Number of protein chains: 2
Amino acid sequence: MRHDEVIHRLRAQGYRLTQQRRLILNALAAHHGHVSARELHRIVARQAPAINLATVYRTLHWLERVGLAHAIDAGEHQRLYEYAATDDHHHLICRSCGAQQEIDHAVFDALRERLLERYAFVADPRHIAIFGWCARCRAAYAPADAAPSRRAAP
Amino acid sequence: MRHDEVIHRLRAQGYRLTQQRRLILNALAAHHGHVSARELHRIVARQAPAINLATVYRTLHWLERVGLAHAIDAGEHQRLYEYAATDDHHHLICRSCGAQQEIDHAVFDALRERLLERYAFVADPRHIAIFGWCARCRAAYAPADAAPSRRAAP
DNA sequence: ATCTATGCAAACCGTTTGCACGCTT
DNA sequence: AAGCGTGCAAACGGTTTGCATAGAT
């Protein structure tokens, strides 16, 4: 695995490599996509039942600090983590069925340029969740490709 | 104020208009931008000290249900609310100084088109927070207009 | 041997809920 | 008079922290 070398560097920096950290980092790296601390705990607990949830939290903070994990920017009411080696990407989330689709960072290039021009702002979107309606649900609901009206009174 | 008529409609639908709801709605509408439940509670408590935090939460849920308030999509580790009459807009947030700038919904038009073409996804971004670096901080840090490198090891 | 990281349990913070009562309708 | 909405207090779920100890260096 790739992180062994990273870990080496970290050890050189005075951090200690414990079984728990190893397990948690592996689980995080193996898990494609986001994980909550709780889920991660459930996963590593299969291999090391004694591991404590607090340790997972502390380790996640540590991984974030040393740059091996990112906390999710946007999204729902729970903090999620992902392995930092993952390429920048974003998500489309369907309001109707909840399906998530990963999209490429490049889709934001035009927007970033525009923000730079108009607002002199260097955008660095790391993990944005964009809500809307996926093709399937749209087809199921209506033939038109217009979004369902949002402010409609019931 | 505009909501009197809305409230009228709601009353017609069988909802009851209490002092608390009136106060909370007014405070929410008067507050430009996002508010947390706690902050809103603090505000209304100035006029009605007996008002309970649970009531604020319940009222916010109710306002959301009837379409008078939106919960914030993206953003930080706290759920925030805003008055629904507010136009769709988004925020640029500086990672360095924390400054927030409101940006127009139209900035997303090109992105929405692209998402529709490429992913057949109808994006409905309501309140996205885009992190990055504002002009001032960028000037202070470096002459170049490049974003500070993100994955740099310390 | 040193001192970091862990386990445990309690604390914390925002949010939700059950219940009896008050107030709008 | 009827019943929705409120206050109160307790419960809840996720996250953090103090403390003694195990374990990596």
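Glancing now at the overall build of chain A. Helix and strand counts for chain A come out as 6 helices and 6 strands. The secondary structure elements of chain A, listed N-terminal to C-terminal, are α-α-α-α-β-β-β-β-α-β-β-α. Burial status across chain A gives 42% buried among its 154 residues. Taking the intrachain contacts of chain A between residues at least 6 apart in sequence as the baseline, contacts between residues at least 24 apart amount to 49%.

What follows is about the packing of helix H2 (residues 19–30) of chain B against helix H4 (residues 53–65) of chain B. All names here are of chain B. Close contact between H2 and H4 brings their axes to 10 Å; oriented N to C, the two are set at 70°. One way to sum up the angle between H2 and H4 is to call them roughly perpendicular. Only Thr55, Val56, Thr59, Leu60, Trp62 and Leu63 of H4 make contact with H2, whose side of the interface consists of Gln20, Arg21, Ile24, Leu25 and Leu28. When grouped by side-chain class, the residues that make up the contact of H2 with H4 number 7 nonpolar, 3 polar and 1 charged.

Moving on: the confidence of the model for chain A. The pLDDT averaged across chain A works out to 83; a share of 84% of its residues lies at or above 70. Confidence over residues 144–154 of chain A falls short of pLDDT 50; this stretch has 15 contacts with residues more than four positions distant or in other chains.

Our focus in this paragraph is H4(B). All names here are of chain B. For H4, with 13 residues, the first-to-last C-alpha span of 18 Å sits near the 18 Å given by 1.5 Å per residue. Val56, Thr59, Leu60, Trp62 and Leu63 are the residues of H4 that are buried. Down the axis of H4, the smallest arc covering the buried residues is 165°, so these residues share one side. Exposed and oriented more than 90 degrees from the buried face of H4 are Arg58 and Arg65. Capping the start of H4 is the job of one residue whose side-chain oxygen sits 2.8 Å from the backbone nitrogen of Ala54: Asn52. Looking one or two residues past H4, Gly67 carries a phi angle of roughly 85°, positive in sign.

Bringing a negative patch on the surface into the picture now. Residue and element names in this part refer to chain A. On the surface, a cluster of negative charge is contributed by Asp87, Glu102, Asp104, Asp109, Glu113 and Glu117. It is helix H5 (residues 109–119) that contributes the most residues to the negative patch, 3 residues altogether. For Glu102, a relative accessible area of 36% gives the class partly exposed.

Taken together, the neighbourhood of DNA strand D is formed by 20 residues, with Arg11(A), Arg16(A), Tyr57(A), Arg16(B) and Thr55(B) sitting nearest. When the atoms of DNA strand D within 4 Å of the protein are sorted by group, sugar and phosphate make up 69%. At 2.5 Å from a base nitrogen of DNA strand D is found a side-chain nitrogen or oxygen belonging to Arg16(B). Listing elements by their share of the surface near DNA strand D, those giving two or more residues are helix H4 (53–65) of chain A together with H2 and H4 of chain B. Counting residues per element, the surface near DNA strand D draws most heavily on H4(A), which supplies 5 residues.

Residue and element names in this part refer to chain A. You will see that Ala120, though not glycine, has its phi angle at about 55°, which is positive. Locating Ala120 in the fold gives a position in the loop between H5 and strand E5 (122–123). Ala120 gets classed as partly exposed once you look at its relative accessible area, which sits at 27%.

Overlaying chain B with chain A gives an RMSD of 0.1 Å, the required rotation being 180° about an axis along which the chain moves by 0.0 Å. The superposition operator between the copies reduces to a two-fold rotation axis. When you check the interface residues of chain B against chain A, 98% turn up at the interface there too, and the contact is symmetric in its surfaces.

Time to look at the interface of chain B and chain A. In this assembly, 48 residues from chain B lie in contact with 48 residues from chain A. Note on chain B versus chain A: buried area summed over both sides is about 4100 Å², and carbon and sulfur give 57% of it. Applying the counting rule to chain B against chain A returns 0 salt bridges. For the pair chain B and chain A, the number of links is 8 residue pairs in polar contact (both at pLDDT 80 or more). Broken down by secondary-structure element, the contributors of at least two residues to the side of chain B that touches chain A are strand E3 (89–94), strand E4 (100–104), helix H5 (109–119), strand E5 (122–123), strand E6 (129–133) and helix H6 (135–141) of chain B. If you tally residues by element for the side of chain B that touches chain A, the top one is H5(B), at 6 residues.

Before going further, it helps to spend a moment on the sheet that holds strand E6 (residues 129–133) of chain A. The 4 strands are arranged E4(A)-E3(A)-E6(A)-E5(B) in an open sheet whose pairing can be described as mixed. Of all strands in the sheet, those bounded by a partner on one side alone are strand E4 (100–104) of chain A together with E5 of chain B. Here strand E3 (residues 89–94) of chain A runs beside E4(A); their pairing, made up of 5 bridges, is antiparallel. Bridging across to E4(A), His91(A) finds its partner in Glu102(A). On top of the sheet, H5(B) reaches E3, E4 and E6 of chain A together with E5 of chain B; it is set at about 110° to E4(A), its chief contact.

Cut-offs and rules
Within each chain, residues carry numbers counting from 1 in the order of the written sequence. Here the convention is simple: chains get letters from A, ligands get numbers from 1, in the order in which they are written. Owing to the predicted nature of the model, reporting of local features is limited to residues with pLDDT of at least 70; listing and counting of side-chain atom pairs is limited to 80 or more, with chain, interface and lining totals taken over all residues. With hydrogens and water set aside, each side-chain value is computed from the structure's full complement of heavy atoms. Here a strand is any run of E in DSSP of at least two residues, a helix any run of H or I of at least four, and the numbering for each starts at the N terminus. Any residue under 20% of the maximum accessible area for its type is buried, any over 50% is exposed, and the rest in between are partly exposed; the area is computed with a 1.4 Å probe on protein chains only. The contact rule is simple, with two residues in contact once any of their heavy atoms fall within 4.5 Å. What counts as an axis is a line fitted to C-alpha atoms, over the stretch in contact for a helix, and the angles between N-to-C directions run from 0 to 180 degrees. Orientation labels follow simple angle bins: below 35 degrees gives roughly parallel, above 145 gives roughly antiparallel, 65 to 115 gives roughly perpendicular, and whatever is left gives oblique. Under the grouping applied here, Gly and all other residues not named as nonpolar or charged are polar, the nonpolar ones being Ala, Val, Leu, Ile, Met, Phe, Trp, Tyr, Cys and Pro and the charged ones Asp, Glu, Lys and Arg. For every residue, the predictor reports its confidence as pLDDT, a number between 0 and 100. In a helix, the anticipated span is given by 1.5 Å times the number of residues less one. When we speak of the arc, we mean the arc of directions from the helix axis to the C-beta atoms. In protein, a polar contact means a hydrogen-donor-capable atom and an acceptor-capable atom, both N or O and within 3.5 Å, with residues adjacent in sequence counting only if both atoms are side-chain atoms; elsewhere, any N or O pair within 3.5 Å suffices. Only residues whose relative accessible area exceeds 30% and that form no salt bridge are eligible for patches; like-charged ones are grouped when within 9 Å, while nonpolar side chains (Val, Leu, Ile, Met, Phe, Trp, Tyr) are grouped when within 5 Å. Accessible surface area values rest on a Shrake-Rupley calculation with a 1.4 Å probe, where residue burial reflects the displayed protein chains alone. The salt bridge criterion pairs a side-chain nitrogen of Lys or Arg with a carboxyl oxygen of Asp or Glu, the two atoms within 4 Å. Note that His is not counted, nor are the chain ends; the positive residues are Lys and Arg, and the negative ones are Asp and Glu. Each charge is placed at NZ for Lys, CZ for Arg, CG for Asp and CD for Glu. Being near a molecule or strand, for a residue, means having at least one of its heavy atoms within 4 Å of it. All copies are superposed by least squares; the fitting set is the C-alpha atoms of residues with a pLDDT of at least 70 in both. Once two parts are joined, some of their accessible surface, as seen by a 1.4 Å probe, is lost; buried area is that loss totalled over both. When DSSP finds at least two bridges between two strands, those strands are taken to pair.

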